[in-house]
Amino acid sequence: NAGVTQTPKFRVLKTGQSMTLLCAQDMNHEYMYWYRQDPGMGLRLIHYSVGEGTTAKGEVPDGYNVSRLKKQNFLLGLESAAPSQTSVYFCASSYSWGQGRLTTNEKLFFGSGTQLSVL
Amino acid sequence: QQQVKQSPQSLIVQKGGISIINCAYENTAFDYFPWYQQFPGKGPALLIAIRPDVSEKKEGRFTISFNKSAKQFSLHIMDSQPGDSATYFCAASMNRDDKIIFGKGTRLHILP
């Protein structure tokens, strides 16, 4: 049982290049999230999805796009990378909540992160 | 717009001491308050969580104290150990929303 897997773990881009981060979960979770973590800024939500085929904007969506074509996968794309996008990116997943309100349903499972540097 | 304010930003505690991290929130619609623990090079993991219908929740050495009227909650780590050295995030969410809002984190270092 792998949980939440992110690829790649490290990446260096030049300004203007594009790339896609892949998140895969094997827990049959409905909800998936992309966060970025910067020193002193905590975890900020970029985009999220409440089910296959759906996406929504979070706190800091500009410069990113996402897709959820399959329930188990959530892709984060950078079309034209900028130095301000240098960060550690975390994917997370959870069961849907707002329903049942069981503790386990509200638990976020995080991947181990992707360190992205944009030069 | 930061809806969950966390302090201190960093904390150093002697082994065996009590570590205390505080958080304050603004939105009274929040009804679920988790704490996440993150070790270097790893993703955050749920440590303990509380709902506003109780004032305290304890799990082992970790306790959440909740003050609904003050809109504040805190994490207490009793008998702090070097293995507790990590970054801790408080967070909040509401039933009708699909997101968790995180604080900015506290880097805790326990001196051996």
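Please read all numbers here as calculations on a predicted model, not as lab measurements.

A few points about the overall build of chain B
Line of reasoning, step 1. When its secondary structure is counted, chain B shows zero helices and 11 strands.
Line of reasoning, step 2. For chain B, the N- to C-terminal ordering of α and β elements is β-β-β-β-β-β-β-β-β-β-β.
Line of reasoning, step 3. Relative to the compact-globule value of 13 Å for 112 residues, chain B shows a C-alpha radius of gyration of 13 Å, a close match.
Line of reasoning, step 4. A principal-axis box enclosing the C-alpha atoms of chain B has dimensions of 45 × 30 × 20 Å.
Line of reasoning, step 5. A burial count over chain B gives 47% of its 112 residues as buried.
Line of reasoning, step 6. For chain B, the computed accessible surface area is about 5,400 Å², with 49% contributed by carbon and sulfur atoms.
Line of reasoning, step 7. In chain B, 13 positive and 9 negative side-chain charges are present, and the distance between their average locations comes to 5 Å.

Examining the overall build of chain A
Line of reasoning, step 1. Helix and strand counts for chain A stand at zero helices and 11 strands.
Line of reasoning, step 2. Carbon together with sulfur atoms contributes 53% to the accessible area of chain A, which is approximately 5,500 Å² in total.

A word on the interface of chain A and chain B
Line of reasoning, step 1. Between chain A and chain B, the residue contacts involve 23 residues of the former and 20 residues of the latter.
Line of reasoning, step 2. Buried surface at the junction of chain A and chain B, both sides included, amounts to about 2,000 Å², of which 52% is carbon and sulfur.
Line of reasoning, step 3. Scanning the region where chain A abuts chain B turns up four residue pairs in polar contact (both at pLDDT 80 or more).
Line of reasoning, step 4. Elements with a minimum of two residues in the side of chain A that touches chain B: strand S4 (31-38) and strand S5 (42-49) of chain A.

Structural notes on the layout of surface pockets
Line of reasoning, step 1. Taken as a whole, the largest pocket encloses approximately 630 Å³ of empty space.
Line of reasoning, step 2. Along the walls of the largest pocket sit 29 residues, with Gln37 of chain A together with Gln38, Pro40, Thr87 and Arg107 of chain B positioned nearest its centre.
Line of reasoning, step 3. Secondary structure elements with two or more residues in the lining of the largest pocket: S4, strand S9 (87-94) and strand S11 (114-118) of chain A together with strand S9 (86-92) and strand S11 (106-111) of chain B.
Line of reasoning, step 4. Among the residues forming the lining of the largest pocket, the class breakdown is nine nonpolar, 15 polar and five charged.

Some details on the sheet that holds strand S8 (residues 72-77) of chain B
Residue and element names in this part refer to chain B.
Line of reasoning, step 1. Ordered by their spatial adjacency, five strands build an open sheet running S1-S3-S8-S7-S6, and the pairing between neighbours is antiparallel. Each having just a single partner strand, strand S1 (4-7) and strand S6 (56-59) make up the two edges of the open sheet. For this sheet the average axis-to-axis angle between neighbouring strands, irrespective of direction, equals 15 degrees.
Line of reasoning, step 2. Across four bridges, the pairing between S1 and strand S3 (residues 19-25) is antiparallel. Note that in S3 the partner of Ser7 across the bridge is Asn22.

Comments concerning the environment of Asp62 of chain A
Line of reasoning, step 1. Among the structural elements, Asp62 of chain A can be located in the loop between strand S6 (56-57) and strand S7 (65-67).
Line of reasoning, step 2. Separated by 16 residues in the primary sequence, Asp62 of chain A and Leu78 of chain A have C-alpha atoms spaced 9.8 Å apart.

Topic: the confidence of the model for chain A
Line of reasoning, step 1. Mean pLDDT over chain A works out to 90, with 90% of the residues at or above the 70 mark.
Line of reasoning, step 2. Counting interchain partners and residues more than four positions distant, the pLDDT-below-50 stretch residues 98-105 of chain A has 15 contacts.

Some remarks on the packing of aromatic side chains
Line of reasoning, step 1. Across all of its chains, the model carries 20 aromatic pairs over all chains by this definition.
Line of reasoning, step 2. Considering the side-chain rings of Tyr35 of chain A and Phe102 of chain B, the 5.4 Å spacing of their centres and the 90 degrees angle between planes classify their relative orientation as edge-to-face. Here Tyr35 of chain A, found in strand S4, pairs with Phe102 of chain B, found in strand S10 (residues 101-102), and the two come from separate chains. The same class applies to Tyr35 of chain A as to Phe102 of chain B, namely buried.
Line of reasoning, step 3. Considering the side-chain rings of Tyr64 of chain A and Tyr89 of chain A, the 5.8 Å spacing of their centres and the 65 degrees angle between planes classify their relative orientation as edge-to-face.

Description of the state of the cysteines
Line of reasoning, step 1. For the structure on display, the rule yields two disulfides over all chains.
Line of reasoning, step 2. At a sulfur-sulfur separation of 1.9 Å, the disulfide partner of Cys23 of chain A is Cys91 of chain A. Residues Cys23 of chain A and Cys91 of chain A are joined through a disulfide that is left-handed, its torsion about the S-S bond being -75 degrees. Highlighted residues: Cys23 of chain A in strand S3 (residues 19-25) and Cys91 of chain A in strand S9, separated in sequence by 68 residues. In this pair, the class of Cys23 of chain A matches that of Cys91 of chain A, namely buried.
Line of reasoning, step 3. A sulfur-sulfur separation of 1.8 Å characterises the disulfide bridge that pairs Cys23 of chain B with Cys90 of chain B.

About the cut-offs
Residues numbered from 1 in each chain as written. Chains lettered and ligands numbered in written order. Predicted model: local features only at pLDDT ≥ 70, side-chain atom pairs only at ≥ 80, totals over all residues. Heavy atoms only, no water. Helix = DSSP H or I, 4+ residues; strand = E, 2+ residues; numbered from the N terminus. Rg over C-alpha atoms; globule rule 2.2 N^0.38 Å. Buried < 20%, exposed > 50% of the residue type's maximum accessible area, 1.4 Å probe, protein only. Areas by Shrake-Rupley, 256 points an atom, 1.4 Å probe, with all protein chains shown as cover. Lys, Arg positive; Asp, Glu negative; His and termini not counted. Charge placed at Lys NZ, Arg CZ, Asp CG, Glu CD. Contact = heavy atoms within 4.5 Å. Buried area = accessible area lost by both parts, 1.4 Å probe. Polar contact = N/O pair within 3.5 Å; in protein donor to acceptor, adjacent residues only side chain to side chain. 1 Å grid on protein atoms, 1.4 Å probe; cavity = no way out; pocket = protein on both sides within 12 Å on 5 of 7 lines; lining within 4 Å. Points joined across faces, edges and corners; volume = space filled by probe spheres on them. Nonpolar A, V, L, I, M, F, W, Y, C, P; charged D, E, K, R; others polar. Pairing = 2+ DSSP bridges. Axes fitted to C-alpha atoms, helices over the stretch in contact; angles between N-to-C directions. pLDDT = per-residue confidence, 0-100. Phe/Tyr/Trp six-rings, centres within 6.5 Å; stacked < 30°, edge-to-face > 60°. Disulfide = S-S within 2.5 Å.

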